[in-house]
Amino acid sequence: MAAPDVAAALRIAAPSPEHAGEMLTVQRAAYVTEAQRYHAPGIPPLRETLQEIRADLVGAGPALVVRAAWLGTRLVGSVRGRVGGSAMEVVRFTVAPDVQGGGVGRRLLEALHAAAPASVGSFWLVTGERSDDNVRFYVAAGYRVVGSSVDDAGVELVRMERARDPQQ
Ligand SMILES: CC(C)(COP(=O)(O)OP(=O)(O)OC[C@H]1O[C@@H](n2cnc3c(N)ncnc32)[C@H](O)[C@@H]1OP(=O)(O)O)[C@@H](O)C(=O)NCCC(=O)NCCS
């Protein structure tokens, strides 16, 4: 059954350190499917600790942009963007399993793109080579595959990029 279109009721904002626990919970739930797909329980998003997430929230600023999505009082997703030079890497992009497919991810990624400092001219990320849903999602958001690699958990990854202005 398709998820309801929840995006209309969504609120997106910068989370504060007190939201680290909810982000950890959603992140773990969302990435379990990816871990099962690759038989790799040790993928980095599942190894990340509460303290590491809290440290990112404490340190958020122009070099590390964080956005979260709420439905009412419930945190249902988050994404982080790490700035290096003139590019931003999109990491830890997660939506709670029961609301996936309802447009939350698209809105979150748009909010992250919009919040990137003016110095950012392009966005990039890595995702699982066999994660067809993810690759399709990012292609729809203007990204294209530019390379491949294998991470330290043995998972085959593709690197995807897009210009800040996709017309460029
Ligand atoms: C990837 C993710 C953040 C997308 O968020 P979302 O809210 O499900 O995405 P949206 O509803 O805005 O967009 C739907 C599109 O995303 C893609 N998609 C990816 N994962 C999906 C899922 N589990 N369920 C439904 N659609 C999914 C599909 O291409 C879908 O398009 P379609 O309707 O044409 O099939 C989310 O599914 C998720 O948390 N997945 C698990 C963790 C993960 O893999 N993160 C990304 C690592 S690079």
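Further up the page is the structure itself.
Here's a quick rundown of the structure.

What counts as what
- Residues numbered from 1 in each chain as written.
- Predicted model: local features only at pLDDT ≥ 70, side-chain atom pairs only at ≥ 80, totals over all residues.
- Heavy atoms only, no water.
- Helix = DSSP H or I, 4+ residues; strand = E, 2+ residues; numbered from the N terminus.
- Buried < 20%, exposed > 50% of the residue type's maximum accessible area, 1.4 Å probe, protein only.
- Contact = heavy atoms within 4.5 Å.
- Pairing = 2+ DSSP bridges.
- Right-handed = clockwise from strand over helix to strand, strands pointing away.
- Axes fitted to C-alpha atoms, helices over the stretch in contact; angles between N-to-C directions.
- Near = heavy atom within 4 Å.
- Polar contact = N/O pair within 3.5 Å; in protein donor to acceptor, adjacent residues only side chain to side chain.
- Areas by Shrake-Rupley, 256 points an atom, 1.4 Å probe, with all protein chains shown as cover.
- Nonpolar A, V, L, I, M, F, W, Y, C, P; charged D, E, K, R; others polar.
- Core = buried A, V, L, I, M, F, W, Y, C linked by side-chain atoms within 4.5 Å.

This part takes up the environment of Tyr31. Here Tyr31 shows up in helix H1 (residues 20–38). What makes Tyr31 buried here is its relative accessible area of 16%. The spacing of Tyr31 and Phe93 is 62 residues in sequence and 9.3 Å in space, taken between C-alpha atoms. Once residues lying within four places of it in the same chain are set aside, the contact partners of Tyr31 are Ile43, Pro45, Leu46, Arg92, Phe93 and Thr94.

Consecutive residues of a regular strand have side chains that alternate between opposite faces of the sheet. When you tally the buried positions in strand E4 (residues 87–95), you get 9 out of 9 residues, the bulk of the element. Connecting the antiparallel pair strand E3 (residues 74–84) and E4 is a turn made up of 2 residues, with Gly85 showing a positive phi of about 60°. Of the pairings in the sheet, the one linking E4 to strand E5 (residues 122–128) comprises 3 bridges and is parallel in character. Bridged to Glu89 within E5 is Trp124. Of the crossover connections in this fold, the one passing from E4 over helix H4 (residues 104–115) to the parallel E5 is right-handed.

Spatially, E1-E2-E3-E4-E5-E7-E6 is the arrangement adopted by the 7 strands of the open sheet, whose pairing is mixed. Where the open sheet ends on each side, the last strands, each with one partner, are strand E1 (10–13) and strand E6 (144–150). The mean inter-strand angle of the sheet, taken between neighbouring strand axes irrespective of direction, is 25°. Pairing analysis gives 7 bridges linking E3 to E4, with the strands arranged antiparallel. Residue pairing across strands places Gly84 opposite Ala87, the latter belonging to E4. Contacts from helix H5 (residues 132–140) reach E4, E5 and strand E7 (156–163), with the element oriented near 165° to E5.

Looking now at the site of the ligand. Among the 20 residues in the neighbourhood of the ligand, the closest are listed as Gln100, Gly103, Gly105, Arg106 and Arg136. Between Val95 and the ligand, the recorded distance is 2.9 Å, taken from a backbone N or O atom to an oxygen atom. A distance of 2.8 Å separates an oxygen atom of the ligand from a polar backbone atom of Gly105. Relative to its free-state accessible area of 850 Å², the ligand is covered by the protein chains to the extent of 75%. Among the elements that line the shell around the ligand, the one with the most residues is H5, at 5 residues. For the shell around the ligand, the class distribution of residues is 8 nonpolar, 8 polar and 4 charged.

The subject of this paragraph is the nonpolar core. Among the nonpolar cores identified, the biggest contains 38 residues, and Val104 and Tyr143 are the most heavily contacted of them. If one sorts the elements of this core by residue count, strand E2 (residues 64–71) sits on top with 7 residues. When residues no more than four places from it in sequence are discounted, the contact partners of Val104 are Val6, Leu10, Ala69, Val76, Val95 and Val99.

Along the polypeptide, His113 turns up in helix H4. Leaving out residues up to four positions away in the same chain, His113 has contacts with Phe123, Tyr143, Arg162 and Arg164.

Next up on the list: unusual backbone geometry. Phi angles above zero are rare outside glycine, and His39 is one such case at about 50°. With respect to the helices and strands, His39 occurs in the loop between H1 and helix H2 (44–47). The exposure class assigned to His39 is exposed, which follows from its relative accessible area of 72%.

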